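Here are the chains, one letter per residue:
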Amino acid sequence: MTDNAQQQPPAPTTELPTQYAPADVEAPLYERWVERGYFEADAKSDKPPFTVVIPPPNVTGSLHLGHAFEHTLIDALTRRKRMQGFETLWQPGMDHAGIATQNVVERELGKEGKSRHDLGREAFVERVWQWKGESGGQISGQMRRLGDGVAWSRERFTMDEGLSQAVQTIFKRLYDDELIYRAERIINWCPRCLTAISDIEVDYQDDDGELVSMKYGEGEDTIVVATTRAETMLGDTAVAVHPDDERYKHLVGKEIRLPLTDRSIPVVADEHVDPEFGTGAVKVTPAHDPNDFEIGRRHGLPSLTVMDEHAVITAHGPFQGLDRLEARSAIVAALRAEGRIVAEKRPYVHSVGHCSRCKTTIEPRLSMQWWVKVGPLAKAAGDAVRDGRVTIHPQEMEKRYFDWVDNLHDWCISRQLWWGHRIPVWYGPNGETVCVGPDDEAPTGEGWHQDTDVLDTWFSSGLWPFSTLGWPEQTESLAKFYPNSVLVTGYDILFFWVARMMMFGLYAMDGTPPFHTIALHGMVRDQFGKKMSKSFGNAVDPLDWMDKYGSDALRFTLARGANPGVDVPIGEDWVQGSRNFANKIWNATRFALMNGATVEGPLPDASTMSAADRWILSRLNSVVAEVDAFYDDFQFAKLSDSLFHFAWDEVFDWYVELSKTTFQAGGEPAEVSKRVLGEVLDVTLKLLHPVVPFVTETLWTTLTGGESVVVAEWPTDSGFRDADAEREIETLQSVITEVRRFRADQGLQPGQRVPARLELDGTALAPHEAAIRQLLRLQPEGEDFSATATLPVSGATVALDLSGTIDVAAERKRLAKDLAAAEKEKAQAQGKLGNEAFLAKAPDKVVDGIRARLAKADEDIARIQAQLDRLPQA
């Protein structure tokens, strides 16, 4: 904890409104923070750095719950570090999102009856920049709504001049080091977007298709193969079998006739064929299947492309010009007419890849593309985690990371788009190839032209941790803020984005990894654990919840569900509950201010404090230590839960309530408690601030008169503990809780006053009689007091006169009825569990349910009997 007397002026006299209205507070507060430069980072500062980059959202995107979740976690980390005295940089920016952005602008052109080809490349790119300026970046304003504490003056865009220079620089270096090359390989091709796409841009789903088994060859030299893509058989150049498969040894090395064509193809032996799967023979189409391509390379098979970029059949013959799906049906019909169909299965459910942008079925296609040779880069990325330079959190995610980087295939980085970083390679009239760096002059003259492809978006975003700091220039920001302290991102892009940043960071920055820690979180789900999707009807716009409940409520709900690497369920009821928590903080602080809570002056000596004062300060320091430990372990759910229960249960429900008695009595004890309450609220609001920044800012500045909690000093554990006070208050709590439970069992209203005699002499509860009476609504005993119920609790005795408050006879009758029902339930459960024939037949789940019913019946019987024992005789 900190001594506010040395840091803040006296608290103002401004009263808080009776209710907290987030809509009136959040936007003005955020703009004030930005105007005062709280979120900016100074590379010249001598403070220790703390750096984290925003996973750059697409320029086409708007804030969804996944963004809100991730940004809440990052913002909490950076706000705490800022308060701890670090020079904190949360680097903002956006991704140019090649395919997504080009599709958006092409749709706009379509409304005008035009295509990008009508404009030409240069004019189309200008049109995209125009769209970006007018409509892109909507998410930036939404990030402000959420409270993101990013350094807005440093905002970057993956296509801005500096980052473009970084892209060209690293491409040139990789090319010169022979780590970038051009070659024909199988790629994911979208026939609608007309480009290669990365693995992460392919969504797999189970589709209804068909599995057709067909016979190749003639006479004794026949072999049966099966396929879900019959149209690709036009490009078959072999049939492969396992070399040890006795069924086909007589065919290996022979050629068999390929139906519907005038070609014969060889039967080859390949160890990668599974002889137990299907017929043990597979058709090999090297130009249209990645596995077949590898078989073709091993056996020197030709690759025949039989579809164009639109997935239209190009092979000569009756199927030429048909769409792939049309061709599929026509080819199966033709094979059936020749008697070559052995079996057909429809529907046949199988996993099919779809373009994540337009949902078109992906076509594996042989294509000339640019590739990164990832072998040495991936090894370096794996070694950095293995040798401890980079820590993955939670640790169990390491295996998934190693499984990926240790088996990484060369990366296709070219895209057949117009929007993006154009590949900096020029081709000459005589077959020359020249890679141009940012300081080089591009070749000119007749016959020279630049490669028409652009780079995969992940190529530029892979440079994000250092390109945003000015690399390749050796800037002050790069020296100060690289490597990043932590990367907070979803486990779903561990392979695609994180691995690429690791590879490029280690390569470009001489072996220094881009971050010290990779903190992985899960995906946001609905309250039933189901993926959120518009098609499922369960997608939620976080802005709707922010409008309804406030940004703090959404943030706290998301943080409270954030266990490392685990998916996060969320429902509107939970956000409403967090709104209630914000209201509780508001009301408790308002009460404290109205009753003179203060941060002026040093804390009084512990010897002048009540047990409640010492208890809450002891607990406060324990919570400070606990929250710090949870932050350092990225346990956002646990730290949020700890703060929730401390603030609501201990501070608001107990200490504030206990303080009311002290304040009413007045005198020196009241003045001491006012200072203690001010301290507790000061520290609690600071602890809560990183997760719920808006309400805490309003309350803290009103309480303390300080400039802003954003730049206040983070609390530290002073080491103060008082085990005796904690035991004393725990005893007090147990008495109050037990009597409250008894009152509720008797049907008494919470505010209903009951005469009582308290026997507290000789116990630690003696000083607390006034508080006990106030919290339990107990009147002093009168002349006609008659103890009709006696409760011995924690060494004390509470005698209650319930005459006139409840009908004892009626209450006994009601409880006797409940007891009989519980005993009947117990007898039925015991009867079933004692029946050996029933136990032998009943499923385990049913038996477990009956055992649970028996345990519940025993609990009910004990509870009801205790209530009866405490009632006076009628």
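This is a predicted model, so every value here is computed, not measured. (Residues numbered from 1 in each chain as written. Predicted model: local features only at pLDDT ≥ 70, side-chain atom pairs only at ≥ 80, totals over all residues. Heavy atoms only, no water.)

Visitor: Looking at this model, I keep getting lost on the overall build of the protein chain. Mind explaining?
Guide: Check the secondary structure of the protein chain and you find 27 helices and 29 strands. With respect to the three principal axes, the spread of C-alpha positions in the protein chain is 115 × 80 × 55 Å. Considering the protein chain as a whole, with its 874 residues, one finds that 54% of them fall into the buried category. Taking as baseline every contact in the protein chain between residues at least 6 positions apart, the subset at least 24 positions apart corresponds to 78%. (Helix = DSSP H or I, 4+ residues; strand = E, 2+ residues; numbered from the N terminus. Buried < 20%, exposed > 50% of the residue type's maximum accessible area, 1.4 Å probe, protein only. Contact = heavy atoms within 4.5 Å.)

Visitor: I'm lost on the state of the cysteines in this one. Help?
Guide: Cysteine pairs can be linked by a disulfide, which is a covalent bond between their two sulfur atoms. What the rule picks out here adds up to zero disulfides. The closest cysteine sulfur to the non-disulfide-bonded C412 is located on C190, 14 Å from its own sulfur. The class of C412 is buried, set by a relative accessible area of 11%. The thiol sulfur of C435 is not disulfide-bonded, and the nearest other cysteine sulfur, from C412, lies at 16 Å. Classification of C435 by relative accessible area gives buried; the value is 5%. (Disulfide = S-S within 2.5 Å.)

Visitor: For this particular structure, what's the right way to read a negative patch on the surface?
Guide: Taken together, the side chains of D439, D440, E441 and E473 define an acidic patch exposed on the protein surface. Along the polypeptide, D439 turns up in the loop between β19 (433-435) and β20 (449-450). (Patch = residues over 30% accessible without salt bridge, like charges linked within 9 Å, V, L, I, M, F, W, Y side chains within 5 Å. Areas by Shrake-Rupley, 256 points an atom, 1.4 Å probe, with all protein chains shown as cover. Salt bridge = Lys/Arg side-chain N within 4 Å of Asp/Glu carboxyl O. Lys, Arg positive; Asp, Glu negative; His and termini not counted. Charge placed at Lys NZ, Arg CZ, Asp CG, Glu CD.)

Visitor: Looking at this structure, how should I read helix α19 (residues 611-632)?
Guide: Each α-helix winds once per 3.6 residues, and so residues spaced three or four apart point in a common direction. When the terminal C-alpha atoms of α19 are compared, their 32 Å separation across 22 residues agrees well with the 32 Å that a helix rising 1.5 Å per residue should span. Just downstream of α19, F634 is the residue with a positive phi angle, here 55°. (Expected span 1.5 Å × (residues − 1).)

Visitor: Would you explain the sheet that holds strand β28 (residues 789-793) in this entry?
Guide: What links the strands of a sheet is backbone hydrogen bonding, and the strands pair in either a parallel or an antiparallel sense. Taken together, the four strands give an open sheet; going across it, the order is β27-β26-β29-β28, and neighbouring strands pair in mixed fashion. The two strands at the open ends of the sheet, each matched to only one other strand, are β27 (778-780) and β28. Pairwise comparison of adjacent strand axes, ignoring direction, gives a mean angle of 40° for this sheet. As defined by bridge partners, strand β26 (residues 754-759) adjoins strand β29 (residues 796-800) across four bridges and the pair is classed as antiparallel. Among the inter-strand pairings, A756 is bridged to a residue of β29, identified as L800. Packing of helix α23 (residues 723-745) onto the sheet brings it into contact with β26, β27, β28 and β29, and relative to β28 it is tilted by some 150°. (Pairing = 2+ DSSP bridges. Axes fitted to C-alpha atoms, helices over the stretch in contact; angles between N-to-C directions.)

Visitor: Teacher, can you tell me more about the sheet that holds strand β10 (residues 255-257) here?
Guide: The mixed open sheet is built from four strands, whose spatial order is β10-β11-β9-β12. In this open sheet, the two strands that pair with only one neighbour each are β10 and β12 (281-284). The average undirected angle you get between the axes of adjacent strands in this sheet is 30°. Note that β10 and strand β11 (residues 264-269) share three bridges and pair antiparallel.

Visitor: How do you make sense of the packing of helix α2 (residues 65-83) against helix α17 (residues 551-560) when you look at a structure like this?
Guide: Where α2 meets α17, the axes come as close as 9 Å, and the angle between the chain directions of the two elements is 85°. Our classification of the angle between α2 and α17 gives roughly perpendicular. Residues L65, A68, F69, T72, L73, D75, A76 and R79 of α2 touch α17, and the partners they reach there are L554, R555, L558 and A559. Split by residue class, the contact of α2 with α17 holds eight nonpolar, one polar and three charged. (Parallel < 35°, antiparallel > 145°, perpendicular 65-115°, else oblique. Nonpolar A, V, L, I, M, F, W, Y, C, P; charged D, E, K, R; others polar.)

Visitor: Mind showing me how you'd approach the packing of aromatic side chains here?
Guide: For any pair of aromatic rings, the description rests on two quantities: the centre-to-centre distance and the angle between the ring planes. Taken as a whole and assessed by the stated rule, the structure comprises 25 aromatic pairs. With a centroid separation of 5.7 Å and 75° between ring planes, the pair formed by W129 and F157 is classed as edge-to-face. With a gap of 28 residues between them, W129 in helix α5 (residues 121-134) and F157 in strand β4 (residues 156-157) connect regions that are remote in the sequence. Residue classification places W129 among the partly exposed positions, given a relative accessible area of 35%. With a centroid separation of 6.2 Å and an interplanar angle of 55°, the aromatic rings of Y175 and W370 are classed as tilted. Of this pair, Y175 sits in helix α7 (residues 161-176) while W370 sits in strand β14 (residues 363-372), placing them 195 residues apart in sequence. Within the aromatic cluster, the residues linked to one another by ring pairs are F171, Y175, W370, W411, F459 and F504. When the ring centre of F157 is taken as origin, the NZ or CZ atom of K132, which lies over that ring, is 4.3 Å away. In this structure, K660 packs its charged tip against the face of F591, placed 5.2 Å from the ring centre. (Phe/Tyr/Trp six-rings, centres within 6.5 Å; stacked < 30°, edge-to-face > 60°. Lys NZ or Arg CZ within 6 Å of the ring centre and 35° of its normal.)

Visitor: Sorry if this is basic, but what is going on with unusual backbone geometry here?
Guide: In terms of backbone geometry, most residues other than glycine have negative phi values and most peptide bonds are trans. Here the residue pair R346 and P347 is connected by a cis peptide bond, since its omega of -5° sits within 30 degrees of zero. Note that the residue after H393, namely P394, is joined by a cis bond; omega there is 5°. By secondary structure assignment, the location of P394 is in the loop between β15 (391-393) and α11 (398-405). One non-glycine residue with positive phi stands out, namely A97, at about 50°. For F634, which is not glycine, the phi torsion reads 55° and is therefore positive.

Visitor: Any chance you could explain the pattern of salt bridges here in plain terms?
Guide: Any two side chains of opposite charge can pair, given that their charged atoms come close. Applying the stated criterion across every chain, the model contains 55 salt bridges. The salt bridge partner of D270 is R298, with a shortest N-O separation of 3.0 Å. Here D270, found in the loop between β11 and β12, pairs with R298, found in helix α8 (residues 290-299); they are 28 residues apart in sequence, far enough to count as distant. Relative accessible area serves as the criterion here: at 3%, D270 is assigned to the buried category. With a relative accessible area of 41%, R298 lands in the partly exposed category. A salt bridge links K826 to D858, with the shortest nitrogen-to-oxygen separation between them at 3.1 Å. Within this pair, whereas K826 is found in helix α25 (residues 808-833), its partner D858 is found in helix α27 (residues 844-870), the two being separated by 32 residues in sequence. One connected set of salt bridges, linked through shared partners, spans E210, R336, E344 and R346.

Visitor: It is not clear to me how the side chain of E728 should be interpreted in this structure. Could you clarify?
Guide: Relative to the assigned elements, E728 resides in helix α23. The side chain of E728 sits in the buried core without any salt bridge; R614 is the nearest counter-charge, 5.0 Å away. Setting aside its immediate chain neighbours within four residues, E728 contacts A611, A764 and H768.

Visitor: So what exactly am I meant to see when it comes to the environment of D649 here?
Guide: Relative to the assigned elements, D649 resides in helix α20 (residues 636-665). Using a relative accessible area of 31% as the deciding quantity, one classes D649 as partly exposed. Expressed as a C-alpha distance, the spacing of D649 and V847, which sit 198 residues apart in the sequence, is 38 Å. If sequence neighbours within four positions are ignored, D649 has contacts with F644 and W654.

Visitor: Teacher, can you tell me more about the nonpolar core here?
Guide: The nonpolar side chains of a soluble globular protein tend to be buried, and buried together. F171, F459 and F466 are the most contacted members of the largest nonpolar core, which has 200 residues in total. At 13 residues, α20 tops the list of elements feeding residues into this core. In this structure, V212, I223, A311 and L335 belong to the second largest nonpolar core, which totals 28 residues. (Core = buried A, V, L, I, M, F, W, Y, C linked by side-chain atoms within 4.5 Å.)

Visitor: Would you take a moment to explain helix α10 (residues 375-386) for this structure?
Guide: Taking 1.5 Å of rise per residue, twelve residues should cover 16 Å, and α10 covers 16 Å from first to last C-alpha, within 8% of that figure. Listing the buried residues of α10 in full gives L377, A378, A381, G382, A384 and V385. Axial view of α10: buried residues confined to an arc of 155°, hence all on one face. Tucked into the core, α10 has its buried residues touching α7, β14, β15, α11 and α15 (494-508). Note on α10: the residue one or two positions beyond its end, G388, has a positive phi of about 90°. (Arc of directions from axis to C-beta.)

Visitor: Any chance you could explain empty space enclosed by the protein here in plain terms?
Guide: Picture a little ball the size of a water molecule; that probe, rolled over the atoms, points out where space is still empty. Per the stated rule, a full pass over the model turns up two cavities of 30 Å³ or more. There is about 70 Å³ of room inside the largest cavity. Surrounding the largest cavity, F69, L73, H393, V488, A519, L520, H521, A562, N563, P564, F634 and F636 form its lining. When residues of the lining of the largest cavity are traced back to their parent elements, those giving at least two are α2 and β23 (515-521). At three residues, the largest contribution of residues to the lining of the largest cavity is made by β23. By residue class, the composition of the lining of the largest cavity is nine nonpolar, three polar and no charged. (1 Å grid on protein atoms, 1.4 Å probe; cavity = no way out; pocket = protein on both sides within 12 Å on 5 of 7 lines; lining within 4 Å. Points joined across faces, edges and corners; volume = space filled by probe spheres on them.)

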